[in-house]
Amino acid sequence: MRSLACNNEGARLEALRQYQIFDTSPEQAFKDLVFLASQICGTPMALINLMDANCQCLKAKLGLDIDQMPIDIGIASFCMHLGDVLVIPDTLADERFATNPVVTSYPYVRFYVGVPLMTADGEAIGALCIADRVKREISPEQVEALRAVSRLIVRQLGIQRNLAAKASMKKDISHRKLAEHQLREQAALLDIVTDAIVVRDLSNRILLWNKSAEKLYGWKTEEVMGNYAQKFFDSEPLPQHLEVYQNVLEHGSWLGELQKITKSGQEIIVESRWTLVCDEHSQPKSILVVDTDITQKKQLEKQFLRVQRMDSIGTLASGIAHDLNNVLSPILMSVQLLKAKCYDARALSMLGIVESNAKRGANLVKQVLSFARGIEGDHTVLQVKHLILEMKQIIQQTFPKSIAISTEISPDLWHVCGDSTQLHQVLMNLCLNARDAMPEGGNLKISANNIFIDENSAKIHIDARVGSYIVLTISDGGVGIPNEQLDKIFEPFFTTKEFDKGTGLGLSTVMSIIKSHGGFITVSSSVGEGTKFKVYLPAVQAATIQPVEELEIITGYGEWILVVDDDAAVREITKATLVQNNYLALTASDGIEAIALYTQYKDKISAAIIDIMMPNMDGATTISTLQKMNPLLPIITVSGLATSEKVTSAQASNLTTFLPKPYTAPELLKTLHTIINKGRG
C-alpha cells in the first residue's frame, strides 16, 4: 500500500487542521449523514473518514467497531488520490484491493464506494465511504446522492468550524434553530431520491415529507406537515400498523409490503422500510419510513402467474383428453358391434343414445383440448351456421339456466374460409364474456347475416376491405362496459373482471384469431343495458363439404392386422371389430411385444394399427423400427392426443396415416381399407 503523499500535502493538512475536528467527539449531525448515506444505498456500513499525515480518523461510522486506522490500511486513501468517486463492486475481483487487510479480515469489505470530501479550495481532506460484505452494484442516481451527501458533510464541517470560531459572540444561537437548519439541508438531499421518504415522530405526526412522497401519494408537503399520519392513511389496518410500530421500537427496523390508498383513491402497493432514529442520547425520537412503489411489479407478477396457470391447465387438459379418448374409443366401437347383433327396436334405440352421447363426449374433449392448447389446423371452406348451432348446444348444457340463448341465422348464409377450431374459440370466448356479464341471468343472442361492405363503410374501420362478409353478432343484456374502458378491452391482460375471475387474454386472443382470418371486430356497449360484439369475416363463394354422418362398413378379405395399444379395452374391442368384419387380428400391449409378433408373422401381417402413447417402447419408436424391417408396411397411428409431436414424426411415410381417438368402427374400417389399398399400389 503506497503512503498518502500528494503534491500539496502540506496545504491539504493545513486545510484539515483549520476545521479543528480531528480529535473531537462525534457529533449527531455527522451520524445522521452517515445514516442517510447507508439508507440511500442500503449498505450495512458507512463512515466519514478524515486523514492526517499518519492516521485515519472515523469521524462518524455505522456498522463498524473501530475509531482510527493507520494511514496505509484501507481503501479511502485511493479515493483521495483519485479525487473522484471510487466504485469497487467486488474487491476480491480487483487485484489492487484483493489482499488489503480490510478485505481479508475484519470488517471483510467486499463492496466499496468512496466519495472524496473536497474543500472549497479543492483540497481532499477525507472521504465518505459506504461498504458491504457482499458484492453488489450501485446506480448512477445513488452515486449522485452520495456526492450530495459529501457536499453536505463538508458544509457541516464548515458550520462546525464557524460555530467554534464564533462561539464567544453567538452563544444565544439555539440548538433548535441549528437542528432545523440541518434538517432543511438534509431535506434538500432527500428530494432528489425516487423513493417516498417520510419521517414520523413517536406520536405518528409527520415531520418530513419529500417530493417523491408528494408524487406517490398526491398530498403536498404543506398539507401533511405536523398532522397525524392516520389522517391521510386511514386505510391502514390498525392491528397491522400497531404490529409494525411495535416491531420498530423493539428491533429498530421493519421491512414489508403495505397496501396504500393515494389522495386520488388509487390503490397501490409499496415496499416499506421503517427505521428507528435515535437522538444523541440514544433515545428513540422518530421513525424514518422509505416507501417504494411496487404496484406495477406486483401486477406483472400476477399476470405471469395467471399465464403459468393457463399453461398448466393446458397440460392437464392434454393428459385428461388422452385418457378420456381411450375410454370413449371402446364404447363407440362396442356400439357398432352390438348394433350388428341386435334386432330389438328398443335396444337399438338405446344403443343409438349411447353412441350419440359418446360422440358428444368426444367432441367436448376435443373442444376442451383445442381451447387449452390452441390446436391449429388448415383453413378450409366451412359454414359458420354449424359452429353456431354446436355452440348453442354447449351453452344450453353448461351455462346457468337463468341465461336464455337464442339464435338467428340467415337461411342463405355465405361460407367463409377458416379454421373451425379457432372460430369455435372466438364464439366460446365471446359467449363466456356474455355469461359473466349476466350474473343474475338474461338473454344471450347469436346471429349471423350476410353483408357487403362498400368503400364508404370500409373507411370506418381500418381493417375493413371492400367486399362480401358475414357478420356474427353476439349480444347480451348484461352490466355493460364503461366508455373509458372500451378502447382497452382488446389489450393483453386487461380485464374488467374481479381478480382470479379472468386472465385478460380472452378478447386479445379473439382479436388475433379474427385478424388472422382477414376480418375485424367491433363492440358497442351501454352500462346497465348490455354489450354487442360484431365479428366480420370475409365470405367466399364456394360450397362446403359436409361430413358424412354414416360411413359405409367396408369389410376385409382375411388380411392379418397387428393391433398395438397399451389400453386393454381399446385393444380387445379393436380386435373384435376387425374379426367381425373379415380380418384376422394379432394384439400387442407395447412396442416390444409388437416387434416380436411382427418378426414371427412378418409374411402374413398386411397392416398395423399402433397407439402413439405407450410405455416401454412408444408408438413413434415402434413405427420407426417396423418401417426399417418393412418400409412398405401400411400403418395407422392412433392417439387420444392429436397435438402430440410424436404424431407428426410418426407420419413421415406416405404409407402412414393418423386416426384420432375416439373413432367409430366405420371410421377405422374405411381408414384401414384405404391404407391397405395404397400399400398394394
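Residues numbered from 1 in each chain as written. Predicted model: local features only at pLDDT ≥ 70, side-chain atom pairs only at ≥ 80, totals over all residues. Heavy atoms only, no water.

Novice: What exactly am I supposed to notice about the overall build of the protein here?
Specialist: Counting secondary structure elements, the protein contains 21 helices and 23 strands. A total of 681 residues make up the protein; the buried ones form 45% of that total. Across the protein, every contact between residues at least 6 apart in sequence was considered, and the portion connecting residues at least 24 apart equals 65%. Of the roughly 34,800 Å² of accessible surface on the protein, a fraction of 53% belongs to carbon and sulfur atoms. (Helix = DSSP H or I, 4+ residues; strand = E, 2+ residues; numbered from the N terminus. Buried < 20%, exposed > 50% of the residue type's maximum accessible area, 1.4 Å probe, protein only. Contact = heavy atoms within 4.5 Å. Areas by Shrake-Rupley, 256 points an atom, 1.4 Å probe, with all protein chains shown as cover.)

Novice: Got a minute to help me understand the packing of helix H12 (residues 384–398) against helix H13 (residues 420–436) in this structure?
Specialist: Geometry of a packed helix pair, given as the angle between the helix axes and the separation of the axes. Running from N to C, H12 and H13 point in directions that differ by 45 degrees, and their axes come no closer than 10 Å. Taken together, the axis directions place H12 and H13 in an arrangement best described as oblique. For the pair H12 and H13, the sense of crossing is right-handed. Note on element contacts: H13 touches H12 through Ser420, Leu423, His424, Leu427, Met428 and Cys431, opposite Leu387, Ile388, Glu390, Met391, Ile394 and Ile395. When the residues that make up the contact of H12 with H13 are grouped by side-chain class, the tally is nine nonpolar, two polar and one charged. (Axes fitted to C-alpha atoms, helices over the stretch in contact; angles between N-to-C directions. Parallel < 35°, antiparallel > 145°, perpendicular 65-115°, else oblique. Left-handed = near helix turned anticlockwise from the far one by under 90°. Nonpolar A, V, L, I, M, F, W, Y, C, P; charged D, E, K, R; others polar.)

Novice: What exactly am I supposed to notice about the pattern of salt bridges here?
Specialist: Side chains that differ in sign of charge can pair as their charged atoms come close. One pass over the structure, following the stated rule, counts 17 salt bridges. In this structure, Asp565 and Lys661 form a salt bridge, with 2.8 Å as the shortest nitrogen-oxygen distance. Residue Asp565 is located in the loop between strand S19 (560–564) and helix H17 (568–580), and its partner Lys661 is located in the loop between strand S23 (656–660) and helix H21 (665–680); the two are separated by 96 residues in the primary sequence. The exposure class of Asp565 is buried, given its relative accessible area of 2%. Because the salt bridges share partners, they merge into one network encompassing Asp84, Glu144 and Arg147. (Salt bridge = Lys/Arg side-chain N within 4 Å of Asp/Glu carboxyl O.)

Novice: Before we go on, may I ask you to explain empty space enclosed by the protein in this structure?
Specialist: Which parts of space are left empty comes out when a probe the size of a water molecule is rolled across the atoms. Scanning all chains against the criterion turns up seven cavities of 30 Å³ or more. If you add up the space inside the largest cavity, you get close to 180 Å³. Residue lining of the largest cavity: 18 residues in total, with Leu47, Met69, Val102, Val109 and Tyr112 positioned closest to the centre. Looking at the lining of the largest cavity, the elements with two or more residues in it are strand S1 (45–51), strand S2 (55–62) and strand S6 (124–132). If one sorts the elements of the lining of the largest cavity by residue count, S1 sits on top with three residues. A breakdown of the residues in the lining of the largest cavity according to their chemical character gives 15 nonpolar, three polar and no charged. (1 Å grid on protein atoms, 1.4 Å probe; cavity = no way out; pocket = protein on both sides within 12 Å on 5 of 7 lines; lining within 4 Å. Points joined across faces, edges and corners; volume = space filled by probe spheres on them.)

Novice: Looking at this structure, how should I read the state of the cysteines?
Specialist: Disulfide: a covalent bond formed between the sulfur atoms of two cysteine residues. Taken as a whole, this structure holds zero disulfides when the rule is applied. In this structure Cys55 is a free cysteine whose sulfur lies 6.7 Å from that of Cys57, the closest cysteine sulfur available. Given the relative accessible area of 17%, Cys55 is considered buried. (Disulfide = S-S within 2.5 Å.)

Novice: Which parts of the structure should I look at to understand the sheet that holds S6?
Specialist: Each strand in a sheet pairs with its neighbour through backbone hydrogen bonds, running either in the same direction (parallel) or in the opposite one (antiparallel). The six strands lie next to each other as S3-S2-S1-S6-S5-S4, forming an open sheet whose pairing is antiparallel. Among the strands making up the open sheet, the edge pair consists of strand S3 (68–70) and strand S4 (86–88). In this sheet, adjacent strand axes meet at a mean angle of 20 degrees when their direction is disregarded. Two elements, S1 and S6, share six bridges in a ladder whose sense is antiparallel. Residue pairing for S6: Ile48 is matched across the bridge by Leu128. Helix-sheet contacts for helix H1 (residues 9–19) involve S1 and S6, and the interaxial angle to S6 is about 80 degrees. Packed onto the sheet, helix H2 (residues 28–41) meets S1, S2 and S6 and runs at close to 70 degrees relative to S2. (Pairing = 2+ DSSP bridges.)

Novice: What should I look at first to understand the sheet that holds strand S7 (residues 196–201) in this one?
Specialist: Taken in spatial order, the five strands line up as S8-S7-S11-S10-S9 in an open sheet, and their pairing is antiparallel. Lying at the two open borders of the sheet, with one neighbouring strand each, are strand S8 (206–209) and strand S9 (253–261). Strand-to-strand, the axes of this sheet are offset by a mean angle of 25 degrees, without reference to chain direction. Along the sheet face, H2 touches strand S10 (267–278) and strand S11 (284–293) and points at about 150 degrees away from the line of S10.

Novice: In this structure, what is going on with helix H18 (residues 591–600)? I would like to understand it.
Specialist: Every α-helical turn comprises 3.6 residues, leaving residues that sit three or four positions apart pointing alike. Along H18, the residues classified as buried are Gly591, Ala594, Ile595, Leu597 and Tyr598. In an axial view of H18, the angular spread of the buried residues amounts to 165 degrees, which keeps them on one side of the axis. Residues Ile592, Thr599 and Gln600 are exposed on H18 and point more than 90 degrees away from its buried face. Packed against the buried residues of H18 are S19, strand S20 (584–588), strand S21 (605–611) and helix H19 (619–629). (Arc of directions from axis to C-beta.)

Novice: Just checking my understanding: could you explain the environment of Pro538 for this structure?
Specialist: Take Pro538: it is sitting in strand S18 (residues 530–540). Overall, the relative accessible area of 26% leaves Pro538 in the partly exposed class. C-alpha of Pro538 to C-alpha of Cys417: the two residues are 121 residues apart in sequence and 7.8 Å apart in space. Residues within four places of Pro538 in sequence aside, it is in contact with His415, Val416, Cys417, Ser468, Tyr469, His517, Gly518 and Gly519.

Novice: I would appreciate a short explanation of a nonpolar patch on the surface in the present structure.
Specialist: A cluster of nonpolar residues, Val327, Ile331 and Val354, forms a patch on the protein surface that exposes about 220 Å² of accessible area. Tracing the chain through its elements places Val327 in helix H10 (residues 295–341). (Patch = residues over 30% accessible without salt bridge, like charges linked within 9 Å, V, L, I, M, F, W, Y side chains within 5 Å.)

Novice: It is not clear to me how H2 should be interpreted in this structure. Could you clarify?
Specialist: Between its first and last C-alpha, H2 extends 20 Å over 14 residues, near the 20 Å set by a 1.5 Å rise per residue. With eleven of 14 residues buried, H2 lies mostly within the body of the structure. Taken from the residues just after H2, Gly42 is the one with a positive phi, measuring 65 degrees. (Expected span 1.5 Å × (residues − 1).)

Novice: Help me understand the nonpolar core, please; the structure alone is not making it clear to me.
Specialist: Core analysis: the largest hydrophobic core is formed by 37 residues, its most contacted members being Val384, Ile395, Leu430, Leu444, Leu472 and Val535. Secondary-structure elements contributing two or more residues to this core are H12, strand S13 (403–409), H13, strand S15 (442–453), strand S16 (467–476), helix H16 (506–516) and S18. Broken down by element, the residue count for this core peaks at seven residues, all from H13. Residues within four places of Leu430 in sequence aside, it is in contact with Ile474, Leu507, Val510, Phe533 and Val535. With 32 residues, the next largest nonpolar core counts Cys41, Leu117, Val143 and Leu152 among its residues. (Core = buried A, V, L, I, M, F, W, Y, C linked by side-chain atoms within 4.5 Å.)

Novice: What am I meant to see in the environment of Gln283 here?
Specialist: Take Gln283: it is sitting in the loop between S10 and S11. When sequence neighbours within four positions are dropped, the list of residues in contact with Gln283 reads Val277 and Cys278.

Novice: Teacher, can you tell me more about unusual backbone geometry here?
Specialist: One can expect most non-glycine residues to show negative phi and most peptide bonds to be in trans. Omega for the peptide link from Tyr106 to Pro107 comes to 15 degrees, which places this bond in the cis form. Turning to its location among the elements, Pro107 is positioned in the loop between helix H4 (101–104) and strand S5 (111–118). Put simply, Lys661 and Pro662 share a cis peptide bond, and its omega is -5 degrees. Considering the arrangement of structural elements, one finds Pro662 in the loop between S23 and H21. A positive phi angle is found at Tyr108, which is not glycine, with a value near 55 degrees.

Novice: Before we go on, may I ask you to explain the packing of H18 against H19 in this structure?
Specialist: At a minimum axis distance of 10 Å, the contact between H18 and H19 shows a crossing angle of 15 degrees. Between H18 and H19, the interaxial angle falls into the category roughly parallel. In terms of crossing hand, the pair formed by H18 and H19 is right-handed. When H18 is examined against H19, the residues Gly591, Ala594, Ile595, Tyr598 and Thr599 are found in contact with a partner set consisting of Thr622, Thr625, Leu626 and Met629. Class assignment for the residues of the contact of H18 with H19 results in five nonpolar, four polar and no charged.

In short, geometric facts, not functional conclusions.
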